[in-house]
Amino acid sequence: MKFHVITFGCQMNAHDSQWLTRAMEQRGWEESAEDQAQVFILNTCSVREKPEQKVYSCLGRLARHLGRSPERFAAVGGCVAQQVGREFFERFPAVRLVFGADGVARAPEALTRLAQEPGTRISLLDFLPTYEEREVALPQVETRPDRASPVSAFVNIMQGCDNFCTYCIVPFVRGRQKSRAPADILAECRALAENGVREITLLGQNVNSYGLDDCGQGLSFAQLLDQVAGIQEISRLRFTTSHPKDLAPEVVAAFARHENLCPQLHLPLQAGSDAVLKRMGRRYDRERYFSLVRDLRAARPDLALTTDLIVGFPSETEEDFLQTLEMMEAVRFAGAFSFKYCDRPGTAAARMDPKVPEEVAADRLSRLQKLQDGITEGYLGEQVGREVLVLFEGGSRKPGEDGGGAMGRDPWGRVVNVPGEDPAGLIGRQALVRILEAKKHSLLGKRVGAPCWK
Ligand code: SAH
Ligand code: SF4
Ligand code: F3S
């Protein structure tokens, strides 16, 4: 069977899609381009209205394609699947499988069955009490010339979220927090390292509360970090996402302790006004956030901090908004994802009034983004002339004038393009690169050192 996966949403979805692809390949299925696929797998996101709408328009577009032959079908997984459930079967007859976050592990088996039994439909929407281990389907050293060997990999350390920030649908669609067993996490990290992976990103909605749920085994996130950082072959370790309220001093200290823990942290601030933070249910205030930033920078002065910001939360005043801008200037984030607040079904904020008018929110978002663009530009500009160790991932998405070029990331997570280099000999290796130019969101450089594996 030829299948095509379309992924929306966060890194957790990206990771689920990667695993599912490999699990299907292990069953003899073949990943293909959209126009050749018989089965479509949509892994969906419902965190905001826009990605949810994209799922429906994508299914509408595929319906024409799928309608032509009965053995072609679609599967919808992830957060919109969990939210909308079996209604997908009625709205889009070509959909024959819906699976939520806890159904991913059993999706390969269900897909195989559906391919053999036309007319069947399956839904995997139940939340499970524990983190269910998935079959092992690790990225392998590639022998196909059109594919890159894996360099970076995600590793799940938990599922779900218990925070119920008032704007957020994630706890409803991803379920309660369930920590994965430390032995399973470590076994996966070691196996990945053996397969050539050099960079690992530990994943969870709130990694700082790892181990603090019913499935915890007494190991804290800081202790888990120590163990993963101890794997020799892993030259770069990252983790996401962190919640400021749970970032423990031991995790802050880890940035000073482990050479292979990258100097990069995504620490969502969401808003700069204490009143708004309170209504968002974030359980920290400006002062707590500032003090974390101070501690983090004391532990690791070159730490690149990135963040998420929401504008136009219900009742947000111009004063509140100015406090967000003020904090952005004070912290100087290396980068920020920013969003206009939107109501999500079932959340507490959806019932909060008054809502901020659309044009006011749009104006705030554009002012905020303009400010951040300036900060990012200044930050990237400071890198010109420096030499950084780049771990190469593949070809440049925006090739240089001569057409070629390799792309990688430096330890701070910045994208570095190196025009004129053939990616083939560089993927999976690190090399010293001198930064020549700062683009809007990336850097451009020239290799000055020989590529090495470590
Ligand atoms: N677990 C992560 C992020 C989850 S969602 C965390 O706690 O930070 C990613 C981002 O989407 C959030 O950080 C938030 O900025 C944004 N977001 C979530 N719900 C939203 C909503 N209803 N409207 C606008 N942005 C939202
Ligand atoms: Fe959503 Fe808050 Fe959980 Fe993040 S911590 S997923 S924003 S509820
Ligand atoms: Fe989206 Fe679900 Fe991730 S709502 S952000 S795909 S957890």
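Analysis parameters
- Every chain is numbered independently, its residues counted from 1 as its sequence is written.
- The lettering of chains begins at A and the numbering of ligands begins at 1, in the order of writing.
- Under the rules for a predicted model, residues below a pLDDT of 70 receive no local features and side-chain atom pairs below 80 are neither given nor counted, while totals for whole chains, interfaces and linings still include all residues.
- Excluding hydrogens and water, the side-chain values take into account all heavy atoms of the structure.
- Only a single heavy atom is needed: when it lies within 4 Å of a molecule or strand, its residue is near that molecule or strand.
- Residues are grouped as follows: Ala, Val, Leu, Ile, Met, Phe, Trp, Tyr, Cys and Pro are nonpolar; Asp, Glu, Lys and Arg are charged; all remaining types, including Gly, are polar.
- In this scheme, strands are said to pair when DSSP sees at least two bridges between them.
- Helix and strand assignments follow DSSP, with helices taken as H or I runs no shorter than four residues and strands as E runs no shorter than two, numbered in order from the N terminus.
- Convention adopted: a line fitted to C-alpha atoms gives each axis, helices being fitted over their contacting stretch, and angles between N-to-C directions are expressed from 0 to 180 degrees.
- Should any heavy atoms of two residues lie within 4.5 Å, those residues are counted as being in contact.
- For the exposure calls, accessible area comes from a 1.4 Å probe over protein chains only, and a residue counts as buried if that area is under 20% of its type's maximum, exposed if over 50%, partly exposed in between.
- Cavity means a closed set of points on a 1 Å grid over the protein atoms alone, one where a 1.4 Å probe fits but cannot get out, pocket means an open set with protein on both sides within 12 Å along at least 5 of 7 lines, and lining means a residue has an atom within 4 Å of a point.
- Grid points are joined across faces, edges and corners, and a volume is the space filled by probe spheres set on the points.
- Throughout, nonpolar core names a set of buried Ala, Val, Leu, Ile, Met, Phe, Trp, Tyr and Cys residues whose side chains join them through atoms within 4.5 Å.
- Patch rule: a residue counts if its relative accessible area is over 30% and it has no salt bridge; like charges are joined within 9 Å, and nonpolar side chains (Val, Leu, Ile, Met, Phe, Trp, Tyr) within 5 Å.
- For accessible areas, the Shrake-Rupley method is used with a probe of radius 1.4 Å. Any residue's cover is judged against the shown protein chains and nothing else.
- A pair is scored as a salt bridge if a Lys or Arg side-chain nitrogen falls within 4 Å of a carboxyl oxygen belonging to Asp or Glu.
- Angle categories are assigned with fixed cut-offs, so that under 35 degrees is roughly parallel, over 145 is roughly antiparallel, 65 to 115 is roughly perpendicular, and the rest are oblique.

**Some thoughts on the site of ligand 2**
Turning to step 1, where the next piece is worked out: Looking at ligand 2, the residues that line it are Cys 161, Asn 163, Phe 164, Cys 165, Tyr 167, Cys 168, Val 170, Pro 171, Gln 205, His 243 and Arg 282.
Turning to step 2, where the next piece is worked out: Looking at the shell around ligand 2 residue by residue, the class counts come to 7 nonpolar, 3 polar and 1 charged.

**Quick look at the sheet that holds strand β7 (residues 152-156)**
Turning to step 1, where the next piece is worked out: Spatial ordering of the open sheet is given by β7-β10-β11, a layout of 3 strands whose pairing is parallel. One side of each edge strand has no neighbouring strand; the edge strands of this open sheet are β7 and β11 (236-240). Geometrically, the sheet is characterised by an average inter-axis angle of 20° between neighbouring strands, direction not taken into account.
Turning to step 2, where the next piece is worked out: Here 5 bridges tie β7 to strand β10 (residues 199-203), and the two strands are oriented parallel to one another. Paired with Asn 156 across the two strands is Leu 203, which belongs to β10.
Turning to step 3, where the next piece is worked out: Sheet contacts for helix α1 (residues 11-26): β7, β10 and β11; angle to β7, the most-contacted strand, approximately 105°.
Turning to step 4, where the next piece is worked out: Of the strands in this sheet, β7 and β10 touch helix α7 (residues 182-194), which is tilted by about 170° from β7.

**So, the environment of Arg 238**
Turning to step 1, where the next piece is worked out: Mapped onto the elements, Arg 238 comes out in strand β11.
Turning to step 2, where the next piece is worked out: Since its relative accessible area comes to 8%, Arg 238 is described here as buried.
Turning to step 3, where the next piece is worked out: In the structure, Arg 238 is positioned 138 residues away from Thr 376 in sequence and 21 Å away in space, judged by C-alpha atoms.
Turning to step 4, where the next piece is worked out: Excluding anything up to four places from it in sequence, Arg 238 contacts Glu 199, Ile 200, Thr 201, Leu 202, Cys 262, Gln 264, Asp 410, Pro 411, Trp 412 and Gly 413.

**Re the side chain of Asn 260**
Turning to step 1, where the next piece is worked out: Its location among the elements puts Asn 260 in the loop between α9 (249-257) and β12 (264-266).
Turning to step 2, where the next piece is worked out: Looking at Asn 260, the relative accessible area reads 13%, which means it is buried.
Turning to step 3, where the next piece is worked out: Leave out the neighbours within four places in its chain, and Asn 260 touches Ala 229, Ile 231, Ile 234, Ser 235, Arg 236 and Leu 237.

**Looking at the layout of surface pockets**
Here the idea is plain: a probe the size of a water molecule rolls over the atoms and shows the empty space left.
Turning to step 1, where the next piece is worked out: Of the voids in this model, the second largest pocket is the one considered here, and its volume is about 470 Å³.
Turning to step 2, where the next piece is worked out: Lining the second largest pocket are 19 residues, with Arg 48, Lys 50, Lys 340, Tyr 341 and Cys 342 sitting closest to its centre.
Turning to step 3, where the next piece is worked out: Tallied by class, the residues present in the lining of the second largest pocket amount to 9 nonpolar, 3 polar and 7 charged.

**Things to note about the nonpolar core**
Turning to step 1, where the next piece is worked out: Residues Leu 202, Phe 221 and Phe 239 are the most contacted members of the largest nonpolar core, which totals 67 residues.
Turning to step 2, where the next piece is worked out: Excluding its chain neighbours within four sequence positions, the residues that come into contact with Phe 239 are Thr 201, Leu 202, Val 207, Phe 221, Leu 225, Val 251, Phe 255, Leu 261 and Leu 265.
Turning to step 3, where the next piece is worked out: Membership of the second largest hydrophobic core comes to 23 residues, among which are Ala 37, Cys 45, Leu 59 and Val 84.

**Notes on the environment of Leu 296**
Turning to step 1, where the next piece is worked out: Its location among the elements puts Leu 296 in helix α11 (residues 286-299).
Turning to step 2, where the next piece is worked out: Beyond its immediate sequence surroundings of up to four residues, Leu 296 is in contact with Leu 247, Val 252, Phe 255, Leu 265, Leu 267, Leu 303 and Leu 305.

**A few points about empty space enclosed by the protein**
Turning to step 1, where the next piece is worked out: Evaluation of the coordinates by the stated rule reveals 1 cavity of 30 Å³ or more.
Turning to step 2, where the next piece is worked out: In this structure, the largest cavity spans a volume of roughly 70 Å³.
Turning to step 3, where the next piece is worked out: Contributing to the lining of the largest cavity are Ala 101, Asp 102, Ala 105, Leu 128, Thr 130, Tyr 131, Glu 132, Arg 134 and Gln 159.
Turning to step 4, where the next piece is worked out: In terms of residue class, the lining of the largest cavity is made up of 4 nonpolar, 2 polar and 3 charged.

**Points about the sheet that holds β12**
Turning to step 1, where the next piece is worked out: In space, the 3 strands of this open sheet follow the order β12-β13-β14, with parallel pairing throughout. Each edge of the sheet is formed by a strand with only one pairing partner; in this case those strands are β12 and β14 (335-340). For this sheet, the mean inter-axis angle between neighbouring strands, taken without regard to orientation, is 10°.
Turning to step 2, where the next piece is worked out: Bridge count for β12 against strand β13 (residues 304-311) is 3 bridges, and the pairing is parallel. Opposite His 266, over in β13, you have Thr 306 as the bridge partner.
Turning to step 3, where the next piece is worked out: Where helix α13 (residues 358-381) meets the sheet, its contacts fall on β13 and β14, and the angle it forms with β14 comes to roughly 175°.

**As for a nonpolar patch on the surface**
Turning to step 1, where the next piece is worked out: A surface patch of nonpolar side chains, amounting to about 190 Å² of accessible area, comprises Leu 389, Leu 432 and Val 448.
Turning to step 2, where the next piece is worked out: Inspection of the secondary structure puts Leu 432 in strand β18 (residues 430-438).

**Comments concerning the packing of α11 against helix α12 (residues 318-331)**
Turning to step 1, where the next piece is worked out: Packing of α11 against α12 brings their axes to within 12 Å, and their N-to-C directions diverge by 10°. It follows from the interaxial angle that α11 and α12 lie roughly parallel. Of the residues in α12, those touching α11 at Arg 286, Tyr 289, Phe 290, Val 293 and Arg 297 are Gln 323, Glu 326, Met 327, Ala 330 and Val 331.
Turning to step 2, where the next piece is worked out: Looking at the contact of α11 with α12, its residues break down into 6 nonpolar, 1 polar and 3 charged.

The values are spatial; any link to function lies outside them.
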